[in-house]
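One letter stands for each residue in the lines below.
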Amino acid sequence: MTGSAFSLATSFEDELIDGVADLPVSQIYGKIEGDGFGGGRPRFLVPKIGWHRFRKHVEHARSKGIAFDYLLNAADGGTGDIATPEGYRRLRKLLDRISECGVEWVTVVSPLFLRVIVRHTKLKVRVSVFSRVDDERKARAWFDEGAHRIVLDSMLVNRDPDRLNAIMRAMAGRGELELLVNNRCELGCAWAPCHAADLGAASRRKTPAPDACYFQCHTGFLKDPSRLLMQDWIRPEDLPRYEAFGYRHFKIAGRGCSTKDLVARTRAYAERRYDGNLMDLMRRGPVHIDAATGFAAVMRGGWRRLLGLARAARPAFDIEDQIRIDNRSLDGYLDLVFRKGGCLPGKCFRCDLCSHWAARAVSFPRTLASRVEKVDEGLVTGQLWEAT
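Because the structure is predicted, anything quoted here is derived from the model rather than measured.

Asker: Where do I start with the overall build of the protein chain in this structure?
Answerer: Within the protein chain one finds 16 helices and 10 strands. In terms of C-alpha radius of gyration, the protein chain reaches 20 Å, essentially the compact-globule figure of 21 Å for 388 residues. Within the protein chain, contacts between residues at least 6 apart in sequence are counted, and of these 76% link residues at least 24 apart. Approximately 16,600 Å² of the protein chain is accessible, and the part contributed by carbon and sulfur atoms is 52%. Of note, the protein chain has its 61 positive side-chain charges centred 2 Å away from the centre of its 49 negative side-chain charges.

Asker: Before we go on, may I ask you to explain the pattern of salt bridges in this structure?
Answerer: Should their charged atoms come close, side chains of opposite charge can pair. Taken as a whole and judged by the stated rule, the model has 29 salt bridges. Arg273 is the salt-bridge partner of Asp275, the closest N and O atoms lying 3.1 Å from each other. Asp280 serves as the salt-bridge partner of Arg283, at 2.6 Å between the closest nitrogen and oxygen. Among the charged side chains, a network of salt bridges with common partners joins Arg235, Glu237, Asp238, Arg273, Asp275, Arg328 and Asp331.

Asker: How do you make sense of helix α15 (residues 353-361) when you look at a structure like this?
Answerer: Every α-helix carries 3.6 residues per turn, so stepping three or four residues along brings you back to the same face. Leu353, Cys354, Trp357, Ala358 and Ala361 are the residues of α15 that are buried. Down the axis of α15, the buried set is contained in an arc of 115°. They therefore lie on one face. Each element contacted by the buried residues of α15 is listed here: β9 (324-325), α14 (333-339) and β10 (362-363).

Asker: What am I meant to see in helix α5 (residues 111-120) here?
Answerer: The complete set of buried residues in α5 reads Phe113, Leu114, Val116 and Ile117. Lining the buried residues of α5 we find β3 (67-72), α3 (79-82), α4 (85-100), β4 (105-108), β5 (124-127) and α6 (136-144). The N-cap of α5, judged by a side-chain oxygen 3.0 Å from the amide nitrogen of Leu112 a few residues on, is Ser110.

Asker: Whenever I open this one, the environment of Gly146 confuses me. Can you help?
Answerer: With respect to the element layout, Gly146 can be found in the loop between α6 and β6 (149-151). Residues Gly146 and Val125, 21 residues apart in the sequence, show an inter-C-alpha distance of 7.7 Å. If we ignore the near neighbours within four places in the chain, the residues touching Gly146 are Leu114 and Val118.

What counts and how
Residues numbered from 1 in each chain as written. Predicted model: local features only at pLDDT ≥ 70, side-chain atom pairs only at ≥ 80, totals over all residues. Heavy atoms only, no water. Helix = DSSP H or I, 4+ residues; strand = E, 2+ residues; numbered from the N terminus. Rg over C-alpha atoms; globule rule 2.2 N^0.38 Å. Contact = heavy atoms within 4.5 Å. Areas by Shrake-Rupley, 256 points an atom, 1.4 Å probe, with all protein chains shown as cover. Lys, Arg positive; Asp, Glu negative; His and termini not counted. Charge placed at Lys NZ, Arg CZ, Asp CG, Glu CD. Salt bridge = Lys/Arg side-chain N within 4 Å of Asp/Glu carboxyl O. Buried < 20%, exposed > 50% of the residue type's maximum accessible area, 1.4 Å probe, protein only. Arc of directions from axis to C-beta. Polar contact = N/O pair within 3.5 Å; in protein donor to acceptor, adjacent residues only side chain to side chain.

Here you go:
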């Protein structure tokens, strides 16, 4: 393993901790739903737990030598949440509470959060991927304010060997750098700032709404499958390339996934190999519209809102379930990408490399594209909410 370690999303089931106890997992991360501060995922996608279960989970992790990282990572920064007397007191109270539970790390987007945490607690701070750190200047600014680790902007860094090397060399000895390995956003995505802000808003909202950017992106991906390769994911087999630059910390996402799936994807990255569908390692998890969520949707927006949610839920599930990217067919792909200087936003669509490899590796039912496009179009026309 050459000393590398993983930061893993938690399902808040102790079986997860037991399942990865023999793997190089240094920390797990998550948050309490409805803690008064935003996060990076919609509320209906993440586990619903209380403080008693949270404390027990953190204690169990620590008994296995695994630290806990608490998320305060709404993409809008959350600065407005604490730039009031009431918000500031609420944050300080939350920091005290998670510290008492044994939390050792906090992930933030806002520099104000960072400064408050560094000034008033012993918690270590990780800078979120939503902070969009993609060069030495930005990294230095965060480290100078007291950050311990930065998750680099995967959409702008993961496929750029020159930038990967430059940031690591410039930041050597200043702090730790981490790479997100199993995201699947398009490199340099034009909609990324809006989508991240939407996710932050959805983390605060009790009633779910269809993820408009998600459907818009996948409508495009399914029309041009090569775009499923022009993304920021890192295959398990390719971790050694990043370790060669000096990277030793890797983040595995999946807060909406089952314990079984989280253990499986961690084992794949630890073993540097996965024989199967690469999507298995990147799925965001099922959409849950339970009775309480459905009732809230009806009370706040009427039956049409629930109808629209139901119409969007099935295609969203099928996107996660029916797209196949054969991992073995991608052996050697990253070698060629790096050999040509990286797959950078300004260079994409100027060669046929991804088209050639996608033809070998990507498959999905022909009907999937039209069903996803129907939801996307329904959001534009309003038909998603209309009874037929």
